[in-house]
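For reference, the chains in residue letters:
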Amino acid sequence: MKKLLAALASSVLFLSAAYAQSVPAPTIAAKSWLLLDATSGQIIASQDPDARIEPASLTKIMTAYLTFAAIREKKLALDQKVNVSVRAWKVDASSSKMFIDPATPVSIDDLLHGLMIQSGNDAAVALAEAVAGDEGTFVVLMNREAQRMGLKNTRFANPHGLPSPENYSTAQDLSVLAKRVIADYPEFYKIDSIKSFTYNKITQPNRNRLLWLDPTVDGMKTGHTEAAGYCMIASARRPGGTGERRLISVVLGTTSDQARTQESQKLLNWGFQNFDTVKLYSKGQAVATPEVWKGSKGTVKIGFARDVLVTVPKGMAAKMKPVLERKDPLVAPLAENAPVGKLKMMVEDKVLLELPVVALETINQATIFGRAWDSMRLWMK
């Protein structure tokens, strides 16, 4: 199943490349950037998406993800109070903080708000200690989770993103992480949309200025260090042709807070204005019922292991035509989800997309007599 989903993912990237010249990408003033359609999982456009960068406070997205997991697994509770260590309190005084104090226990809920809204580095350390006992063990968990997500060009050295040569990522990897947070923990992702938070009688605004400028934006996170420049991951939901669409923009290495805001807005607007996301097939929908040889049944339903959604330039969806190519003859036994061919989506005799087609049911072998009869039929065919 993992190989099948990987094949489907790679086919979506192929689609993106095929359309690269049909809709010119915008000029984005950033070292590296990427626009992901989270609804289809497709990268619409990018520039240097695998360039290694310092993620700065975007690191906190992984810190939040692991904290969300600990809460869901009931290892922590939102109303749980934890003590503030001197290490958390003394984190770089010149950096972003929510101003927690060793003399005052703080709730996990407040720490999450301080992490995602105020970008508190002290909150990041406190959460790391709450989840794993100490910062070093938490970093091990961060890198283990990054590996599990398939973030091949990412490594974490701390929970907050303060400069370290061992703390790095890419626009591609960060887009995957952002999508996972939204998909896996929507109930906690809502924190990102809050415009300000008050703790210890100090009110600080959310660093994501798009929350004030674009009502469709509901998160995600900003970051800045001298080496990283000004970075932003933003996500927005807007109505689409077949329902609501979500885009995620990753803009890295701009020159100012204003620039990262403007370039993120430009990228999101371009994606929504020039592309549609359409559902081609539903999970389990049969696209054909071909003959099976030597099986307990004479035919098998074939289709897709999950919903197939694709992002295409506006007006292109109506022009796509499916062409099914099967691995004939299909001979039992056939396991459910076994690959049996591919479906090509064509426009004007050009292949725009290839999707793996699988068996939607298990077909066991026929009796010895049935197999012998079909062997003879195949020989004569």
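Before any of the text, the structure's been laid out above.
Residues numbered from 1 in each chain as written. Predicted model: local features only at pLDDT ≥ 70, side-chain atom pairs only at ≥ 80, totals over all residues. Heavy atoms only, no water.

**A short note on the sheet that holds strand S9 (residues 243-254)**
Quick reminder of the rule: Any two strands with at least two DSSP-identified bridges between them are counted as paired. The secondary structure listing takes helices from DSSP runs of H or I that are at least 4 residues long and strands from runs of E that are at least 2 residues long, numbered from the N terminus. Only the contacting stretch of a helix is used when fitting its axis, a line to C-alpha atoms as for every element, and angles between N-to-C directions run 0 to 180 degrees.
Pairing in this open sheet of 5 strands is antiparallel, and the strands run S2-S1-S9-S8-S7 from one edge to the other. On the outer flanks of this sheet lie strand S2 (42-47) and strand S7 (217-225), each paired with one strand and no other. Going across the sheet, the axis of each strand differs from the next one's by a mean of 10°, ignoring polarity. One ladder, built from 5 bridges, connects strand S1 (residues 32-37) with S2; its direction is antiparallel. Residue pairing in the sheet places Trp 33 in a bridge with Gln 47 of S2.

**A short note on the pattern of salt bridges**
Two side chains carrying opposite charge are able to pair once their charged atoms lie near each other. Selection criterion: Just to be clear on terms, a salt bridge is a Lys or Arg side-chain nitrogen sitting within 4 Å of an Asp or Glu carboxyl oxygen. Note on classification: 1.4 Å probe, protein chains only; a residue is buried when its accessible area is under 20% of the maximum for its type, exposed when over 50%, partly exposed between these limits.
Tallying each qualifying case throughout the model produces 20 salt bridges. The salt bridge partner of Asp 276 is Lys 314, with a shortest N-O separation of 2.8 Å. One end of the pair, Asp 276, is in strand S10 (residues 275-281); the other, Lys 314, is in the loop between strand S14 (308-313) and strand S15 (321-326), and 38 residues separate them in sequence. Linking Lys 279 and Asp 307 is a salt bridge whose minimum nitrogen-to-oxygen distance equals 3.7 Å. A residue pair is termed long-range when its members are at least 10 positions apart, and Lys 279 in strand S10 and Asp 307 in the loop between strand S13 (302-303) and S14 qualify at 28 residues. Under the relative-accessibility criterion, Lys 279 is labelled partly exposed at 42%.

**Overview of the packing of aromatic side chains**
This is how the line gets drawn: Stacked, edge-to-face and tilted labels apply to pairs of Phe, Tyr and Trp rings (six-membered ring for Trp) whose centres lie within 6.5 Å, assigned for plane angles under 30 degrees, over 60, and everything in between, in that order. In our convention, an over-ring charge means Lys NZ or Arg CZ found within 6 Å of a ring centre and within 35 degrees of that ring's normal.
Under the criterion given, the structure shown has 6 aromatic pairs. Measuring from centroid to centroid gives 6.4 Å for Tyr 185 and Phe 188, while their planes differ by 40°, and the two rings are tilted. Comparing Tyr 185 with Phe 188 shows no difference in burial state: the two are buried. For the ring pair Trp 270 and Phe 275, a centre distance of 5.2 Å and an interplane angle of 70° mean the geometry is edge-to-face. Accessibility expressed as a relative area gives 9% for Trp 270, which makes it buried. Relative accessible area serves as the criterion here: at 5%, Phe 275 is assigned to the buried category. Its end group placed over the ring of Tyr 168, Arg 52 keeps NZ or CZ at 3.6 Å from the ring centre.

**As for the layout of surface pockets**
In plain terms, the rule: Detection works on a 1 Å grid of protein atoms alone, calling trapped sets that fit a 1.4 Å probe cavities and calling open sets with protein on both sides within 12 Å along at least five of seven lines pockets, with lining residues defined by an atom within 4 Å of a point. Grid points are joined across faces, edges and corners, and a volume is the space filled by probe spheres set on the points. The nonpolar class holds Ala, Val, Leu, Ile, Met, Phe, Trp, Tyr, Cys and Pro. Asp, Glu, Lys and Arg form the charged class, and all remaining residues, Gly among them, are polar.
By volume, the second largest pocket is sized at about 280 Å³. For the second largest pocket, the lining is made up of 20 residues, of which Ser 57, Ser 96, Asn 121, His 224 and Thr 225 are closest to its centre. Element by element, the count of residues in the lining of the second largest pocket is highest for S7, at 5 residues. In terms of residue class, the lining of the second largest pocket is made up of 3 nonpolar, 12 polar and 5 charged.

**Quick word on the sheet that holds S15**
Judged by pairing direction, the sheet is antiparallel, and its 5 strands sit side by side in the order S11-S13-S18-S17-S15 without closing on themselves. Pairing within the sheet leaves two strands with one partner each, and these edge strands are strand S11 (286-288) and S15. One ladder, built from 6 bridges, connects S15 with strand S17 (residues 339-347); its direction is antiparallel. Residue pairing in the sheet places Leu 324 in a bridge with Leu 343 of S17.

**A few points about the pairing of S1**
Burial of S1 is extensive: 6 of the 6 residues sit out of reach of the surface. Burial of S1 is two-sided: the residues Ser 32, Leu 34 and Leu 36 facing one way and the residues Trp 33, Leu 35 and Asp 37 facing the other way are all buried. Relative to S9, S1 runs antiparallel, the two being bridged by 6 bridges. The residue bridging Leu 34 from the neighbouring strand is Val 250, located in S9. Hairpin connection of S1 to S2: 4 residues between the antiparallel strands, including Gly 41 at a positive phi of 80°.

**Remarks on unusual backbone geometry**
Here Asp 328 and Pro 329 are connected by a cis peptide whose omega angle stands at -5°. Within the secondary structure, Pro 329 is located in the loop between S15 and strand S16 (330-331). Look at the link from Ala 332 to Pro 333: it is a cis peptide, with omega at 5°. Looking at the element boundaries, Pro 333 is found in the loop between S16 and S17. Positive phi outside glycine occurs at Lys 201, with the angle close to 65°. Positionally, Lys 201 belongs in the loop between strand S5 (196-199) and strand S6 (202-205). One non-glycine residue, Glu 348, lies in positive phi territory at about 55°.

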